Amino acid sequence: MKKQAVKTGGRVLRALSVSFSQKCRKGARRAGVFLLCILLILCLCSCWSQRELNTLAIVLGTTLDVGDQPDTLTLTAQVVKASELGSGTTTKGNSSGGKAYVNVSYTDNSVLAAVRELTRMQNRRLYFAHNEVLIFSGELAKKDIAEGLDVFMRDYETRMNVNLLISKGKASEILDENVELEKIPAIHISRLMGNQKSNSETVVVTLRDFAIATLSGSSAPVAPMVELYESDGKKYAKLEGTAVFKKGKMIGELNKEQTRGILWVTNKAQSGEKTVDTPWGQVTLEVLHSSSDLKPVKGEDGTIRMKLTIDVEGAIQGNETTENMSIPENVAMLKGKMKNDVRSDVEGALVQARTLSADVFGFGEAIHREYPEEWEKMKGNWDQEFPKIGMDVQINAELSSEGGLVKPVTPGGAQ
Amino acid sequence: MNLLLVIIVFIGIALLDLPDMIKNKRWRDLAIYSVIFLLVFVLGTLMAFDVKVPSPIKAIQAFYQNVLHLSFKAS
Amino acid sequence: MKLEKGSISPKELMFSVFCFMQGTVLRSGFIISVTRQDSWAMAITGFLLTLPILAVYTGLLRRFPGKNLIEIDDIVFGPVFGKILSAFYLFFFVSLAALNTRDLGNFVAGYMMPETPIAAVTLIFLVGCAYTLRKGIENLMHLSVLFSIIAMGALAVNSILLLKDVQPEFLRPFFQLKFSEFVQGTVSVAAVPMGEILAFTMITPMLGKDKKVGKPLLLGLALSATSMALVIIRDIITLGPLVAIVSLPSFESMRYVSLAGILTRMESIYAVVLVILFLFKVSILLYAFVLGLTQMLSGKSSPRINPDPAGQSYEAEQRRGRRSAPPLVLISVAFVFFYSLFVFESVMENMNWGATTAPFFSLTFEFLLPAVSLLVVCLRKIDKAQEVRA
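Residues numbered from 1 in each chain as written. Chains lettered and ligands numbered in written order. Predicted model: local features only at pLDDT ≥ 70, side-chain atom pairs only at ≥ 80, totals over all residues. Heavy atoms only, no water.

A. The arrangement of the overall build of chain C in detail. Along chain C, the regular secondary structure elements total 17 helices and two strands. For chain C, the proportion of its 390 residues judged to be buried stands at 63%. Long-range contacts, defined as pairs at least 24 residues apart, comprise 85% of the intrachain contacts of chain C with a sequence gap of at least 6. A total of about 14,300 Å² of accessible surface is found on chain C, and carbon and sulfur atoms cover 70% of it. (Helix = DSSP H or I, 4+ residues; strand = E, 2+ residues; numbered from the N terminus. Buried < 20%, exposed > 50% of the residue type's maximum accessible area, 1.4 Å probe, protein only. Contact = heavy atoms within 4.5 Å. Areas by Shrake-Rupley, 256 points an atom, 1.4 Å probe, with all protein chains shown as cover.)

B. Expanded view of a positive patch on the surface. A contiguous patch of positive charge, built from A:Lys26, A:Arg29, A:Arg30 and C:Lys135, is present on the exposed surface. It is helix α2 (residues 23-44) of chain A that provides the largest number of residues to the positive patch, a total of three residues. Along the chain, A:Arg30 turns up in helix α2. (Patch = residues over 30% accessible without salt bridge, like charges linked within 9 Å, V, L, I, M, F, W, Y side chains within 5 Å. Salt bridge = Lys/Arg side-chain N within 4 Å of Asp/Glu carboxyl O. Lys, Arg positive; Asp, Glu negative; His and termini not counted. Charge placed at Lys NZ, Arg CZ, Asp CG, Glu CD.)

C. Local environment of the pairing of strand β12 (residues 304-319) of chain A. Residue and element names in this part refer to chain A. Bridge count for strand β11 (residues 281-298) against β12 is 15 bridges, and the pairing is antiparallel. Each residue of the ladder has a partner; that of lysine 298, found in β12, is isoleucine 304. Counting the residues between successive antiparallel strands, the hairpin from β11 to β12 contains five residues, one of them, glycine 302, with a positive phi of roughly 90°. Direction of pairing for β12 relative to strand β13 (residues 391-401): parallel, over a ladder of ten bridges. Of the residues in β13, the one forming a bridge with methionine 306 is methionine 391. (Pairing = 2+ DSSP bridges.)

D. Looking closely at the packing of helix α5 (residues 69-112) of chain C against helix α16 (residues 358-380) of chain C. All names here are of chain C. At a closest axis distance of 11 Å, the pairing of α5 and α16 adopts a crossing angle of 175°. When the axes of α5 and α16 are compared, the pair comes out roughly antiparallel. On α16, the residues touching Asp73, Val76, Phe77, Leu85, Phe88, Tyr89, Phe91 and Phe92 of α5 are Phe361, Ser362, Phe365, Glu366, Leu369, Pro370, Val372, Ser373, Val376, Val377 and Arg380. Tallied by class, the residues present in the contact of α5 with α16 amount to 14 nonpolar, two polar and three charged. (Axes fitted to C-alpha atoms, helices over the stretch in contact; angles between N-to-C directions. Parallel < 35°, antiparallel > 145°, perpendicular 65-115°, else oblique. Nonpolar A, V, L, I, M, F, W, Y, C, P; charged D, E, K, R; others polar.)

E. Structural context of the environment of A:Pro387. Tracing the chain through its elements places A:Pro387 in the loop between α14 (382-385) and β13. Setting aside residues no more than four positions away along its own chain, A:Pro387 makes contact with A:Arg354 and A:Ser357.

F. Broad picture of the side chain of A:Ser292. All names here are of chain A. In this structure, serine 292 sits in strand β11. Polar contacts involving the side chain of serine 292 include one to the main-chain carbonyl oxygen of tryptophan 264, which spans 2.6 Å. Reaching out from serine 292, the side chain makes a polar contact with the backbone oxygen of valine 265 at a distance of 3.4 Å. Serine 292 has contacts with Trp264, Val265, Thr266, Asn267, Leu308, Thr309 and Ile310, leaving out every residue within four places of it along the chain. (Polar contact = N/O pair within 3.5 Å; in protein donor to acceptor, adjacent residues only side chain to side chain.)

G. Region of the structure containing helix α2 (residues 27-48) of chain B. Residues and elements named next belong to chain B. The end-to-end C-alpha distance of α2 is 30 Å, a good match for the 32 Å that 22 residues give at a rise of 1.5 Å each. Residues of α2 that are buried include every one of Asp29, Leu30, Tyr33, Ile36, Phe37, Val40, Leu43, Gly44, Thr45, Met47 and Ala48, and no others. At the exit of α2 stands aspartate 50, carrying a positive phi of roughly 60°. (Expected span 1.5 Å × (residues − 1).)

H. Spotlight on the interface of chain C and chain A. Contact with chain C, which involves 32 residues of that partner, is made by 27 residues of chain A. Buried area between chain C and chain A, both sides added, is near 2,800 Å², and the carbon and sulfur share of it is 59%. It is C:Arg255, C:Tyr256 and C:Arg265 that lose the most area in chain C upon contact with chain A, and together they represent 23% of the buried surface on that side. Our count for the chain C to chain A interface comes out at two salt bridges. For the salt bridge of A:Arg159 with C:Glu267, the shortest nitrogen-to-oxygen distance reads 2.6 Å. (Buried area = accessible area lost by both parts, 1.4 Å probe.)

I. Here's a closer look at the environment of A:Leu175. Residues and elements named next belong to chain A. Mapped onto the elements of the fold, leucine 175 is located in the loop between α7 (171-174) and α8 (185-194). For leucine 175, a relative accessible area of 0% translates into the label buried. C-alpha separation for the pair leucine 175 and threonine 76, spaced 99 residues apart in sequence, amounts to 8.6 Å. Residues contacting leucine 175, with those up to four places away along its chain left out, are Gly61, Thr62, Thr63, Thr76, Gln78, Tyr101, Asn103, Ile135, Pro185 and Ala186.

J. Highlighting the interface of chain C and chain B. If you look at the interface, chain C gives 40 residues, while chain B gives 35 residues. Summed over both sides, the interface of chain C with chain B buries roughly 3,300 Å², with 71% coming from carbon and sulfur. Considering only the side of chain C, the residues that lose the most area to chain B are C:Ile331, C:Phe338 and C:Phe342, jointly responsible for 20% of the buried surface there. The interface formed by chain C and chain B holds four salt bridges in total. A salt bridge links B:Lys58 to C:Glu349, with the nearest nitrogen and oxygen atoms 3.5 Å apart. At the boundary of chain C and chain B, one finds eight residue pairs in polar contact (both at pLDDT 80 or more). Where the side of chain C that touches chain B is concerned, the elements lending two or more residues are α3 (32-35), α5, α9 (179-194), α12 (267-298), α14 (329-342), α15 (347-356) and α16 of chain C. Classifying every residue of the side of chain C that touches chain B by side-chain character gives 25 nonpolar, ten polar and five charged.

K. Representation of helix α10 (residues 214-239) of chain C in the model. With 26 residues, α10(C) should reach 38 Å at 1.5 Å per residue; the first-to-last C-alpha distance of 37 Å fits that figure. Downstream of α10(C) by one or two residues, C:Gly240 has phi in the positive range, about 60°.

Below, the structure written as structure tokens:
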């Protein structure tokens with residue numbers, strides 16, 4: 001036991017003496033490590049590019065308008081006021097009950113120049129990473145949309161999944177709409193876009209989608225349009241129709257039904273509602289699911305036609321008539337009516353697209369993918385070729401459910 | 001400011017590297033080390049004074065493109 | 001002694017190759033602008049083109065087991081000409097290290113911290129590399145499995161989150177390439193990320209003499225080629241034609257992740273993974289440079305004074321060089337730091353270099369010089385007997 005203790009003691013001593021002789025070197029190393037730590041502390045927290053929350057003006061929506069001088073544009077950024085935002089339903093608190101946002105605006109030669117210029121008027125730096133909507137005014141879109149696109153795609157702070165919209169009238173006014181359920185107009189519009197699945201009457205377009213369509217060369221990019229309407233002296237924003245672009249400029253519009261047509265063709269329609277007229281009155285059908293498939297088919301004579309197959313599944317949602325719509329004959333009739341309705345949407349859109357000579361459906365891309373050799377021949381004069389492309393529409397409609405009622409609620413229906 | 005940083009860093013490097021060589025009396029290593037050390041130090045000083053040092057990579061690029069004609073087209 | 005020799009396992013070497021490659025895979029998009037929707041196929045053809053290059057390396061390494069590239073040069077070409085050749089290799093390694101450091105600096109300064117000067121970013125990064133080298137590169141190699149799992153996990157998570165936004169039809173039409181574009185894409189992929197495996201010829205002696213070097217390198221390359229193809233496919237089906245015009249396709253497609261408004265802003269994961277992988281890559285390149293330089297400068301003609309009594313043998317010295325980092329580490333790192341600052345003035349120059357000249361520059365060192373070495377070996381019939389004497 002004792003021996004053991006002596007042994008370990010000796011070992012400790014020896015280790016100590018060794019460490020003593022190495023003390024000098026260890027000291028240097030320790031100093032080095034210490035310096036390194038200081039360096040890391042200075043740099044790892046990235047103080048250099050620090051951006052504290054209270055020095056940022058978080059932008060939630062941006063609009064671009066034509067400026068009053070030639071070749072200028074007006075940037076309006078909607079900045080959230082955090083102090084107003086947090087107050088919830090209580091009106092006491094610190095909140096003065098005012099708006100939860102501020103719109104800042106400047107007119108300059110370019111977007112970035114306007115952003116820089118705004119730093120002279122605002123104590124906080126505009127921070128675009130949380131930008132949710134980007135609205136171009138129709139007037140600007142008709143002149144040139146490229147500049148705004150480039151800046152918002154190129155900058156590292158902005159994102160490509162912002163919603164892109166075109167306004168009828170001045171874009172900056174859209175961000176001044178009266179919002180009732182939300183606190184910030186930009187959030188209202190952004191959530192509005194997220195809610196468009198249920199009616200299938202608006203194209204939902206992000207910056208990425210728009211840029212992809214722009215790059216394609218044959219496709220005509222589309223973007224939803226937003227406009228203001230007045231009710232009780234207050235202005236509210238609503239989505240209405242679709243803007244069609246060609247060569248970086250807005251060249252026309254599609255109305256609600258034609259927009260629905262585009263969505264049917266491009267497989268973006270999801271649900272919606274159709275009211276059909278029957279000999280007895282109106283019946284409302286709900287589209288539960290739908291999917292479509294667009295394929296170019298080469299005919300025997302070498303011409304390419306588009307073949308569109310749409311599968312629609314619906315349900316009887318409302319019956320204003322006194323007639324029992326659940327009997328097979330009526331179901332078949334409703335199916336037929338639904339088919340016709342879808343077909344007229346699609347054809348309306350096709351007519352408008354041909355009139356504008358704008359390939360809003362992506363026919364060109366589909367042909368490019370399926371028949372690359374033919375496409376090489378066609379792409380040179382696609383503007384002339386596109387209106388000549390025929391389309392066969394095949395619609396399969398299904399009515400799968402009748403809702404909670406087997407028969408309509410009719411006076412005396414119990415007998 | 002930059003020069004100061006460069007000098008501090010190089011003193012630090014010397015402090016970390018030299019003791020081992022001196023203690024083991026590796027004089028040949030030390031000589032080689034000093035030459036390299038001085039070369040890099042001069043380079044650092046030049047950079048600190050914002051002198052434009054020509055990039056060897058750019059010279060090589062010119063050589064491959066203009067003399068050997070080996071280069072792809074930039075897309 | 002034999003046990004100490006094999007300080008890394010073949011599996012670790014394989015994953016090291018993967019990590020080494022993956023950084024460049026995630027970082028660069030230069031061939032996508034040329035070969036567009038068919039770029040994913042370039043990963044495969046590029047891999048096939050790398051196979052003969054790899055065969056040259058294994059041919060050399062098998063003839064001189066336990067030796068690295070610089071030592072092989074000395075044996076094959078003699079002390080004078082071999083040293084000149086080695087100097088070329090060293091220039092290549094140090095240039096690659098500087099270019100990659102610059103690349104990472106450009107990324108961090110460009111996308112993450114725009115106000116930070118690039119020197120501050122690269123300095124911290126290189127301090128990390130220097131620390132790795134002083135602690136011994138084998139520790140980093142042991143971690144390669146972990147890093148690979150992190151990198152693959154991040155890739156998988158990001159790809160799954162993107163699933164709802166992808167459009168597979170962007171991949172069509174298939175193979176719409178001109179022959180020149182096909183050659184350019186294949187050669188670029190083979191030379192720039194894959195051929196850089198040359199740096200591993202400085203590391204393979206750590207495997208030990210009796211282990212085969214070809215298999216882990218090949219498997220590592222195959223793994224990288226697969227992941228490269230997957231990454232490119234993901235980028236294409238997410239970004240479509242945009243993929244050809246954005247500067248960082250992988251970064252942009254990760255930025256697009258937005259799931260239920262909660263799972264967004266994934267690019268920080270990408271950035272962390274990228275920094276780890278670049279640390280790995282630059283450390284290995286630096287190690288290759290420092291080891292080669294040390295061996296070149298110490299030489300056999302005037303051996304270093306060695307405290308090891310038995311240690312005049314080449315092997316012992318080599319092991320020492322690996323175990324305790326050579327004193328040239330810090331000064332080399334300092335050199336790479338300055339080199340990375342003046343190598344290019346702008347990202348545009350860097351991109352232009354990567355797209356036009358880099359493949360040929362790399363192939364000179366990755367294929368031409370080793371192939372000449374192998375040819376000389378075969379012609380002069382330098383075999384193992386001579387090598388043992390040497």
